[in-house]
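# A closer look at the structure
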Amino acid sequence: MKQRSILLSFILCLTLMLGACETLELDLTENPNALSPTQADATFFLNAIQIDFAYWVHRMGDPAGELVRINYMNGRTYKNVYDPSDWDREWRNAYRSMLEDIRLMNVLAEESGLTFHKGMGKVFQSYILLTLVDFFGDVPYSEALQGGEGNLNPVADSGASVYQAAIDLLNSAITDFNADGPKPDDFYYGGDASKWIKAANSIKKKALLNLGDFSGYRAITDYITSAEDDFQFKWETNPATPDTRHPLYRTNYTSTGGGEYISNWLMFKMLNGYAGNKDPRMAYYFYRQVSETPGFDSDANEEVLECGLPGYFVPQQLRNDSYPFCAPTNSVSAPANGYWGRDHGNDNGTPPDGFLRTLRGEYPVGGLFDDESFKGRVDGAGLGGRGITPIMLSSWMHFMNAEVAVNTGGNPTDETIMGLIHSLNKSDDLGNNPMGEDTINAYVAAFTSEWNAATSLQDKLDLWATEFFIALAGNGIDTYNSYRRNGYPRDI
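As the structure is a prediction and not an experimental result, all values here were calculated from the model.

### Brief notes about the overall build of the protein chain
Along the protein chain, the regular secondary structure elements total 16 helices and 6 strands. Counting across all 492 residues of the protein chain, residues that qualify as buried make up 53%. Once local pairs closer than 6 in sequence are excluded, the contacts in the protein chain between residues at least 24 apart make up 72%. For the protein chain, the exposed surface amounts to about 22,300 Å²; the carbon and sulfur share of it is 51%.

In structure tokens, the structure reads:
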């Protein structure tokens, strides 16, 4: 009887095991944790593309700004700072992520008649392609993104042909926006077709400017001319899961203080201003954690700012009126007013200065307005990261118009001044600290006086480029393009 009970128990266990095996799927060919193509949705694709695009623009704009001094570059040689492997992530994000997602989204959008979705995708795609050419020259396009097995080693097309393809995409996007299809509540313009058309035309104008097609540039009249139409991504304040704060806010406002150095060149230009007038944007761009810079406004401190020591070796060519050394000033006897950054190419280690160095301010990262409280700051300060990543702004368009005027026999004065006015107004858009019309008028008057006193076109172009670069803070892609086109300002 005992043996029979053991046998029955064994049979029962065996039956249960075999039954369990019948419901266990061992031949999985799809990821059970991911959506399959049959479950994909064009709007979900578009949402992911919009966010990925904002991150990508930021990550491409940051090193571009380093090259032309609006951001700090950490390293003595370009070869060491910009190793080819450092670009692998952005290359993958462009081709394997965003451009492939746009291709897949287009299939779904075509089936559902979502022309507006397709138009937005083409705007993103064109900007990505133009930027890839700007950075790398010839890049894959015609043989890339074929779907299915595809071509794993697509040939690189000429930069000129990819530029033309991007312009064609922008023209097609405008057609899509005019098709009156269902409008998504997108993160940039909330489904406003007229604003998307202006953004597409503005990017097209930028491409034509890079190509030297001035007549084509001037023929486009429906573009971003007002801050209300600015093409930008707006970040939020959630600190985790997901972190929606501006990427530079995350590195500036931490539990251990600032994690980024501000460019001394940029602060130097703004601190000097014109005719003794400090650039009023400084209070919006930067927040000072201290009121004095060691070696310039107070006793030197070797531990945190070694180059401020008396007698510190300074190459003679750096002792001039147009370039800073060690602090946003050009002499150990000139005040730095508590501004604390680093010079281009300074590869020194990081001293314990996290609560001393200057931080990014309200614009564009959503940090603190500099109210001269001079306190060390941590995560949560200021606007909490509710900043923007600018992509195409009205101020930039005015500065580009001035460049075209110079190249077509026109006068760049009015467009340059308009670009400055738009930039001054833009800097206080994020917070609750209005600059004031009197302040703006006074600074514009000081700039105009300097402009009128310039004795050559080259001197005027130095002023134009400096102001253009200051306005481009937050996205250095077009500072890089402008400097390669023109070679101004000459003092960098």
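Let's pick the thread back up.
### Quick notes on the packing of aromatic side chains
Following the criterion strictly, the structure yields 34 aromatic pairs and no others. Seen from their ring centres, Trp 91 and Tyr 95 are 5.0 Å apart, and the 45° between their planes marks the pair as tilted. Note that Trp 91 and Tyr 95 are positioned in helix H4 (residues 88–112) at a spacing of 4 residues, about one turn of the helix. Centroid distance Phe 447 to Trp 451: 5.8 Å. Interplanar angle 40°. Geometry classified as tilted. One end of the pair, Phe 447, and the other, Trp 451, are both in helix H14 (residues 437–453), 4 residues apart, so they sit about a helical turn from each other. Comparing Phe 447 with Trp 451, the two get one shared label, buried. A cation over a ring is seen here: Lys 205 above Tyr 223, with NZ or CZ 4.4 Å from the ring centre. For Arg 484, the ring lying beneath its charged end belongs to Tyr 480, and the centroid distance is 4.1 Å.

### A few points about the side chain of His 117
By the element assignment, His 117 lies in helix H5 (residues 115–136). In contact with His 117, other than residues within four places in its own chain, are Ala 42, Thr 43, Leu 46, Met 105, Ala 109, Pro 182 and Pro 184.

### Description of unusual backbone geometry
Of note, the amide linkage connecting Thr 241 to Pro 242 takes the cis form, showing an omega dihedral of -5°. Here Pro 242 lies in the loop between strand E3 (231–234) and helix H9 (247–252). Of note, the phi angle at Asp 180 is positive, near 60°, even though the residue is not glycine. The backbone of Ala 275 sits at a positive phi, close to 50°, despite the residue not being glycine. As for its placement among the helices and strands, Ala 275 is situated in the loop between helix H10 (264–272) and helix H11 (282–285). Ala 275 gets classed as exposed once you look at its relative accessible area, which sits at 68%.

### Overview of the confidence of the model for the protein chain
Put simply, the protein chain has an average pLDDT of 91, and 89% of its residues get 70 or more. Every residue in residues 1–24 is under pLDDT 50, and counting partners more than four places away or in other chains gives 0 contacts.

### A closer look at the environment of Glu 467
For Glu 467, the position within the fold is in helix H15 (residues 457–471). Looking at Glu 467, the relative accessible area reads 1%, which means it is buried. The residues touching Glu 467, leaving out its near neighbours within four places in the chain, are Tyr 274, Arg 281, Phe 399, Leu 420, Tyr 443 and Phe 447.

### Notes on the nonpolar core
Grouped together as the largest cluster of nonpolar side chains are 115 residues, with contacts concentrated most on Phe 53, Phe 124, Tyr 188, Trp 196 and Phe 231. Residue contacts for Tyr 188: discarding those within four places in its chain leaves Gln 50, Phe 53, Ala 54, Phe 124, Trp 196, Phe 231, Gln 232, Phe 233 and Ile 391. Core analysis: the next-biggest nonpolar cluster, separate from the first, contains 10 residues, Val 290, Leu 305, Cys 326 and Ala 327 among them.

### Remarks on the side chain of Lys 460
Among the secondary structure elements, Lys 460 is positioned in helix H15. With no salt bridge to any partner, buried Lys 460 finds its closest opposite charge in Asp 459, at an N-O distance of 8.0 Å. In this structure the side chain of Lys 460 is engaged in a polar contact, spanning 3.3 Å, whose partner is the backbone oxygen of Ala 454. Beyond its immediate chain neighbours, meaning those up to four positions away, Lys 460 contacts Trp 451 and Ala 454.

### Side note on helix H12 (residues 394–407)
The first and last C-alpha atoms of H12 sit 20 Å apart over 14 residues, in line with the 20 Å expected at 1.5 Å per residue. Of all 14 residues in H12, 12 are buried; the element is thus mostly enclosed. Ser 394, Ser 395, Trp 396, Met 397, His 398, Phe 399, Met 400, Asn 401, Ala 402, Glu 403, Val 404 and Ala 405 are the residues of H12 that are buried. In the segment just after H12, Gly 409 is the residue with positive phi, at about 80°.

### A closer look at the pattern of salt bridges
Overall, the coordinates contain 25 salt bridges when judged by the stated rule. A salt bridge links Arg 59 to Glu 90, with the shortest nitrogen-to-oxygen separation between them at 2.9 Å. Of this pair, Arg 59 sits in helix H2 (residues 42–67) while Glu 90 sits in helix H4, placing them 31 residues apart in sequence. Judged by its relative accessible area of 5%, Glu 90 falls in the buried class.

### Side note on the packing of helix H6 (residues 159–177) against helix H7 (residues 193–211)
Between H6 and H7, the shortest axis-to-axis distance is 10 Å and the interhelical angle comes to 165°. Here H6 is positioned roughly antiparallel relative to H7, judged by the angle of their axes. Two packed elements cross with a definite hand, and for H6 against H7 that hand is left-handed. Only Ala 193, Trp 196, Ile 197, Ala 200, Asn 201, Ile 203, Lys 204, Ala 207, Leu 208, Asn 210 and Leu 211 of H7 make contact with H6, whose side of the interface consists of Tyr 163, Ile 167, Leu 170, Asn 171, Ile 174 and Phe 177. Residues of the contact of H6 with H7, tallied by class, amount to 13 nonpolar, 3 polar and 1 charged.

The rules behind each value
- Sequence order as written defines the numbering, with residues in each chain counted from 1.
- Only residues with pLDDT of at least 70 are given local features in this predicted model, and only at 80 or more are side-chain atom pairs given and counted; all residues enter the totals for whole chains, interfaces and linings.
- Excluding hydrogens and water, the side-chain values take into account all heavy atoms of the structure.
- Runs of E in the DSSP output that reach at least two residues are strands. Runs of H or I that reach at least four are helices, and both are numbered from the N terminus.
- Buried, partly exposed and exposed residues are distinguished by accessible area as a fraction of the type maximum, computed with a 1.4 Å probe on protein chains only: under 20%, between the cut-offs, and over 50%, respectively.
- What makes two residues a contact is simply this: any of their non-hydrogen atoms within 4.5 Å.
- Surface accessibility follows the Shrake-Rupley procedure with a 1.4 Å probe radius. Residue values consider only the protein chains on display as shielding.
- Note on aromatic pairs: the rings of Phe, Tyr and Trp (six-membered ring only in Trp) are paired at centre separations within 6.5 Å, and the planes decide the class, stacked below 30 degrees, edge-to-face beyond 60, tilted for the rest.
- The criterion is that NZ of a Lys, or CZ of an Arg, lies within 6 Å of the ring centre and within 35 degrees of the ring normal, and then a charge sits over that ring.
- Values of pLDDT, which run from 0 to 100, indicate the predictor's confidence residue by residue.
- By nonpolar core we mean a set of buried residues, namely Ala, Val, Leu, Ile, Met, Phe, Trp, Tyr and Cys, connected to one another through side-chain atoms within 4.5 Å.
- Neither His nor the chain ends is counted toward charge; the positive residues are Lys and Arg and the negative residues Asp and Glu.
- Note on definitions: salt bridges are taken to be side-chain nitrogens of Lys or Arg within 4 Å of carboxyl oxygens of Asp or Glu.
- Here a polar contact is taken to be a pair of N or O atoms separated by no more than 3.5 Å, where protein atoms must pair a possible hydrogen donor with a possible acceptor and residues adjacent in sequence count only if both atoms sit in side chains.
- For a helix, the expected span equals 1.5 Å multiplied by the number of residues minus one.
- Comment: axis = line fitted to C-alpha atoms, over the contacting stretch for helices; angle = value between 0 and 180 degrees taken between N-to-C directions.
- When describing relative orientation, an angle under 35 degrees is termed roughly parallel and one over 145 degrees roughly antiparallel, while 65 to 115 degrees is termed roughly perpendicular and anything else oblique.
- Handedness of a helix crossing follows the sense of rotation of the near helix relative to the far helix, less than a right angle counterclockwise being left-handed and clockwise being right-handed.
- Residue polarity is assigned by list, with Asp, Glu, Lys and Arg as charged and Ala, Val, Leu, Ile, Met, Phe, Trp, Tyr, Cys and Pro as nonpolar; anything else, Gly included, falls into the polar class.

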